[in-house]
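# Structural overview
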Amino acid sequence: MSNLENSLHLADCIDLLRDWYSNGQTNFIDLIYIDPPFNSNRNYNVLFDSKLTEEAFQDTWSSISYLDELDGIATMSPNLYNFLKMLETTGLPKSYLSYLTKMSIRCWYAREMLKDTGSLYFHCDPTMSHYVKIMLDYIFGMVNFRNEIVWERTRNTGSSKARAKFCPRNHDIILCYSKTGEYKFNRPIRPFSEEEILWRFPYNENEGKGPYHWNTLASYSQERLENLKKRNELKISSNPNVKHKYSYKVFLNDHKGGIPISDLWYDINPVHGQTKEFIGYPTQKPEKLLERIILTSSNEGDLIADFFMGGGTTIAVAFKLNRNFIGSDINDRALQITQERLESLHQTVKQDFFIYGIPRSSEELRKLVDANIIGTGKNSKFELEEVTVKYYLKDHQVVGNKKKVGDNSIDGYFMFSYQGTQRTGLVQVTSGAGIGHMKAFCSEIGKGTGELGIYVTFADRVSPGMFREAKQYGKIGHVDKIQILTFEDLIDNGKTFEKPQDILKI
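Residues numbered from 1 in each chain as written. Predicted model: local features only at pLDDT ≥ 70, side-chain atom pairs only at ≥ 80, totals over all residues. Heavy atoms only, no water.

### Some remarks on the overall build of the chain
Check the secondary structure of the chain and you find 16 helices and 23 strands. Across the 506 residues in the chain, those meeting the buried criterion constitute 49%. For the chain, the accessible area works out to roughly 25,600 Å², and carbon and sulfur atoms hold 49% of it. (Helix = DSSP H or I, 4+ residues; strand = E, 2+ residues; numbered from the N terminus. Buried < 20%, exposed > 50% of the residue type's maximum accessible area, 1.4 Å probe, protein only. Areas by Shrake-Rupley, 256 points an atom, 1.4 Å probe, with all protein chains shown as cover.)

Below is the structure:
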């Protein structure tokens, strides 16, 4: 999967996941961490400077129609489908149903991307965690549930008015599932503080073994008992009434410098405006939180994915820990922030990491192309052609032209039926349209290479002369033989090109 390693994607992750799955790209990710919006009906803003903010993302689960995707779950996981359908009858708010449906589909595909040794961490809050856990039980299997981690994200006790009605709500939930029983796990250790060492290991005979404490020897073999005696590490109680009469020395060195961390994470501080790593992204998570997750469930060289990339913390930490990464987000500001974080770590776009895009608007698409950051090639205009054909024209069975240089202005082909015969349509995609460029494309239609031509560009690149040139080629059936289709119409307005239809005579 070298073509996906160290890549950032401007896209809704469901588009990526479905595309990978349909192309047989599965079982290649070692660890997935996702921190999706919390169904909280809040708007979040990204701080650019002291005066300017931009909406980063909005929790719109309640306003999104989920029924089509709910039907899709029926073939993936019938039991999960039945659970979600049952929730419809309980009076649960539609926002909950929509959220769970949207996340079910994404998590089902995400599981398919994991290696058998891989794990998924789902970060949520107590508002949805109990529903999300049942959802993940159906997707991963209850047997593959590993941990419900409670992260104390703040020590703010809240207002006196709030404290009078309920205990302060200070934690998030992180649910951990493995794909199979053969998963990677590097037990996290919290180092002892100097104070802890003094009270946990109060004894030291200066024999070179270091400080220790006495621990009860509840079960033992005779061989172990003899070995402890030989090493002078055994103590026998003189009290005949004690249940266990033997105690043995437990050395600080035996603890490997710390104690195992439980599922209560209270030692990682949140990110706020006064924190050094704060970049102004809403819901930004601390690097230490992602560091613990990544170190626990992956090894160096592994591939880490975050499909709700946000401020790019997962990506930055993965790089620092010598892991490869895949990140995606539907918001272009998240992509920009993550790019900046990688560049601050001396990584160069199109050299050390790559950016791909399935933008939601023509404006976002233009930003990527004009910045020349999209794709692996030196010139992003070739990536514009591929993205347009692969995603925006996919419903019309347009096939891309693999030839990029000397392609006779042809970026894609499609077939259509007219008057009982199969005919060919040609597609040209460009960000730098002009009358001369368009004439070259039209000449291919004139030579008979195709019988329908679709010229795709940005609206401000289209001139009256280009429309006149197109009209000169007349019609095929009731539609223009040469059609100009703008990205604004294609992406923003949902319009596309027309094909001729046979007129039935009665």
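Alright, that's what it looks like, and here's the rest.
### Some remarks on the sheet that holds strand β19 (residues 421-429)
Spatially, the 5 strands line up as an open sheet ordered β17-β18-β19-β20-β23, and their pairing is mixed. With one partner strand each, in any of the chains shown, β17 (399-400) and β23 (482-486) form the two edges of the open sheet. Of the strands in this sheet, β19, β20 (452-457) and β23 are in contact with helix α14 (residues 435-446), which crosses β20 at around 160°. (Pairing = 2+ DSSP bridges. Contact = heavy atoms within 4.5 Å. Axes fitted to C-alpha atoms, helices over the stretch in contact; angles between N-to-C directions.)

### Here's the deal with the pairing of strand β18 (residues 412-418)
The two faces of a sheet get side chains in turn, since along a regular strand they alternate between them. Of the two faces of β18, the one lined by G412, F414, F416 and Y418 is fully buried and the one lined by Y413, M415 and S417 carries no buried residue. Relative to β18, β17 runs antiparallel, the two sharing 2 bridges. Within β18, the position partnered with G400 by the bridge is G412. Taken together, the 7 bridges between β18 and β19 define a ladder with antiparallel strand orientation. Bridge pairing in β19 places S417 opposite Q422. Counting the residues in the hairpin turn of β18 and β19 gives 2 residues, including Q419, whose phi is positive at 55°.

### Here we look at the pairing of strand β2 (residues 29-34)
Taken across its 6 residues, β2 has 6 buried, putting it largely inside the fold. In terms of strand pairing, β2 meets strand β14 (residues 303-306) through 2 bridges, oriented parallel. Residue pairing for β14: L31 is matched across the bridge by I304.

### Structural notes on the environment of L31
Topologically, L31 is positioned in strand β2. The buried category is assigned to L31, whose relative accessible area is 0%. When the C-alpha atoms of L31 and L114 are compared, they prove to be 7.0 Å apart, with 83 residues separating the residues in sequence. Setting aside residues up to four positions removed in sequence, L31 forms contacts with L114, S119, Y121, I293, I294, S297, S298, L303, I304 and A305.

### A word on the packing of aromatic side chains
Under the defined criterion, the tally for this structure stands at 18 aromatic pairs. Centroid distance W20 to F28: 5.7 Å. Interplanar angle 75°. Geometry classified as edge-to-face. An angle of 85° between the planes, with centres 5.2 Å apart, marks the rings of W108 and Y109 as edge-to-face. On the basis of relative accessible area, W108 is assigned to the buried category, the value being 15%. Here the aromatic residues Y203, Y212, W214 and F251 are joined through ring pairs into a cluster of three or more. Against the face of W265 rests R292, its NZ or CZ located 5.0 Å from the ring centre. Just above the ring of F458 sits the side chain of R366; from NZ or CZ to the centre is 4.6 Å. (Phe/Tyr/Trp six-rings, centres within 6.5 Å; stacked < 30°, edge-to-face > 60°. Lys NZ or Arg CZ within 6 Å of the ring centre and 35° of its normal.)

### What to know about the packing of helix α12 (residues 362-370) against helix α13 (residues 380-392)
Packing of α12 against α13 brings their axes to within 9 Å, and their N-to-C directions diverge by 150°. Regarding the angle of α12 to α13, the classification is roughly antiparallel. Here α12 contributes L365, L368 and V369 to the contact with α13, which in turn contributes S380, L384 and Y392. Along the lines of polarity and charge, the residues of the contact of α12 with α13 split into 5 nonpolar, 1 polar and no charged. (Parallel < 35°, antiparallel > 145°, perpendicular 65-115°, else oblique. Nonpolar A, V, L, I, M, F, W, Y, C, P; charged D, E, K, R; others polar.)

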